[in-house]
Amino acid sequence: MDLRVQSDFLTPNPYSRPGTRLSCVKGIVIHWVANPKSTAKNNRDFFERRKLGKSGYGSAHYIVCLDGTVVQCLPEAEMAYHVGSSLPYKPGTTQIYTPEAWARLNTNRSGQKPYPNNCTIGIECTHIDWDGRMTKETWRATVKLAAQLLKRYGLTANDLWLHKEVVGWKDCHRWFVNNPAEWARFKAEVGTAMKPTRAEVMLIMSKYFKDIPKEMEWAAPHADSLYEKGVLKGDGQGNLKPADPLTRAEAAVLIDRAIEYVMKELSGK
Ligand SMILES: [Zn+2]
């Protein structure tokens, strides 16, 4: 099943789409919409109505619908208001944000107050009841979306957060907060979904050439190393044609480039 994502960006406004750039992406935060059987579009429109200034601040980048389709409310490069807090993470402390979030979702110098909104992407899940139970479609699409995002930003399934794990006090995503085994299962499924496919493994064998077959895998690091030194260029479209014969003319060019590289290295230029 391919992920079906539709962009329906919010109108820029101070309450749900402030237009601030994220400083980086350090985590993906999972939420529930806290409104059983409402659709992604319903919730997107709720964020949109916040522009009127009568219902406070709040938004998220993605909302996964009951049927597994996804609505994107904001570009990933922009900040959403989904994990901000001004309350202590637990009674009896003045610290907002849990110690873990404080340490890991912090773009400020150590010891300074973090602002996890500036380095996280928020995913809202729709659900069918007040326990937060999701449809199979919502679950699967959320796994897939989370896996894609984590890969895109060089993160792992350990960089998945529940809203509650960031702020401490909020009952969100309620299903996962109340069913820790389900949260563990969800993260495990995301980890599995992040594993590269066979086609991707073929590509990873060489960083620059997409046509090196399994039986010539041994040559890939050498080809990559020569590519990085400017000696081997392929056809300019990512093909090395590794089984094609090398003419004397091509050999002359390769050897000449290799000597040029070595001379440059020796002269320290
Ligand atoms: Zn939440």
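Right above here is the structure, for reference.
Residues numbered from 1 in each chain as written. Predicted model: local features only at pLDDT ≥ 70, side-chain atom pairs only at ≥ 80, totals over all residues.

**A closer look at the sheet that holds strand E2 (residues 27–32)**
To be explicit about the condition: At least two DSSP bridges between two strands are required for those strands to pair. Secondary structure is summarised from DSSP: a helix means a run of H or I of at least four residues, a strand means a run of E of at least two, and numbering begins at the N terminus for each. The angle between two axes is taken between their N-to-C directions and runs from 0 to 180 degrees, where each axis is a line fitted to C-alpha atoms and a helix contributes only its stretch in contact. Residues are treated as contacting if the C-beta atoms built from their backbones sit within 7 Å of each other.
Here six strands make up an open sheet; going across it, the order is E1-E4-E3-E5-E2-E6 and the pairing mixed. The sheet terminates laterally at strand E1 (5–7) and strand E6 (160–162), the two strands that pair on one side only. Here the strands of the sheet are splayed against their neighbours by 25 degrees on average, with no regard to which way each runs. Strand direction decides the pairing type here: strand E3 (residues 62–64) and strand E5 (residues 120–125), joined by three bridges, are parallel. Within E5, the residue paired with Ile63 across the bridge is Glu124. The strands touched by helix H3 (residues 136–152) are E2, E3, strand E4 (70–72), E5 and E6; relative to E5, the strand with the most contacts, the crossing angle is about 170 degrees.

**Quick notes on the environment of Gly68**
In plain terms, the rule: Exposure classes come from backbone-placed C-beta atoms, where a residue is buried if 20 or more other C-beta atoms lie within 10 Å of its own, exposed if 12 or fewer do, and partly exposed in between.
By secondary structure assignment, the location of Gly68 is in the loop between E3 and E4. By C-beta crowding, Gly68 is classed as buried, having 22 other C-beta atoms within 10 Å. Considering only alpha carbons, one finds Gly68 and Glu137, 69 residues apart in sequence, at a separation of 4.5 Å.

**Considerations on the packing of H3 against helix H6 (residues 180–194)**
This is how the line gets drawn: Angular relationships are summarised with four words: roughly parallel below 35 degrees, roughly antiparallel beyond 145, roughly perpendicular across 65 to 115, and oblique for the angles in between. Definitions for this section: a left-handed crossing has its near helix turned counterclockwise from the far helix by less than a right angle. A right-handed crossing has that turn clockwise. Gly is placed with the polar residues, together with every amino acid not listed as nonpolar (Ala, Val, Leu, Ile, Met, Phe, Trp, Tyr, Cys and Pro) or charged (Asp, Glu, Lys and Arg).
Relative to each other, H3 and H6 sit at 60 degrees, their axes nearing to 8 Å. Classified by the angle their axes make, H3 and H6 are oblique. The two elements H3 and H6 meet at a crossing, and its hand is right-handed. Where H3 abuts H6, its residues Val143, Lys144, Ala146, Ala147, Leu150 and Lys151 lie against Phe186, Glu189, Val190, Ala193 and Met194. Here the contact of H3 with H6 is composed, by residue class, of eight nonpolar, no polar and three charged.

**Concerning the nonpolar core**
Filter applied, for reference: We define the nonpolar core as any set of buried residues of the types Ala, Val, Leu, Ile, Met, Phe, Trp, Tyr and Cys, connected via C-beta atoms lying within 7 Å of each other.
Counting 50 residues, the largest nonpolar core has Ile28, Ile63, Val64, Ile123 and Ala146 as its most contacted members. No other element matches the eight residues that H3 contributes to this core. Each residue touching Ile28, except ones within four places of it in the same chain, is listed here: Thr120, Ile121, Ile123, Ala146, Leu149, Leu150, Asp159, Leu160 and Trp161.

**Examining the pairing of E2**
When you tally the buried positions in E2, you get six out of six residues, the bulk of the element. Residue alternation in E2 divides its side chains into two sets, Gly27, Val29 and His31 and Ile28, Ile30 and Trp32, and both sets are buried. Two strands pair when backbone bridges link them, and E2 and E5 are joined in this way by six bridges, in the parallel orientation. In the sheet register, Gly27 faces E5, and the bridge partner there is Thr120. Alignment of E2 against E6, held across three bridges, turns out to be parallel.

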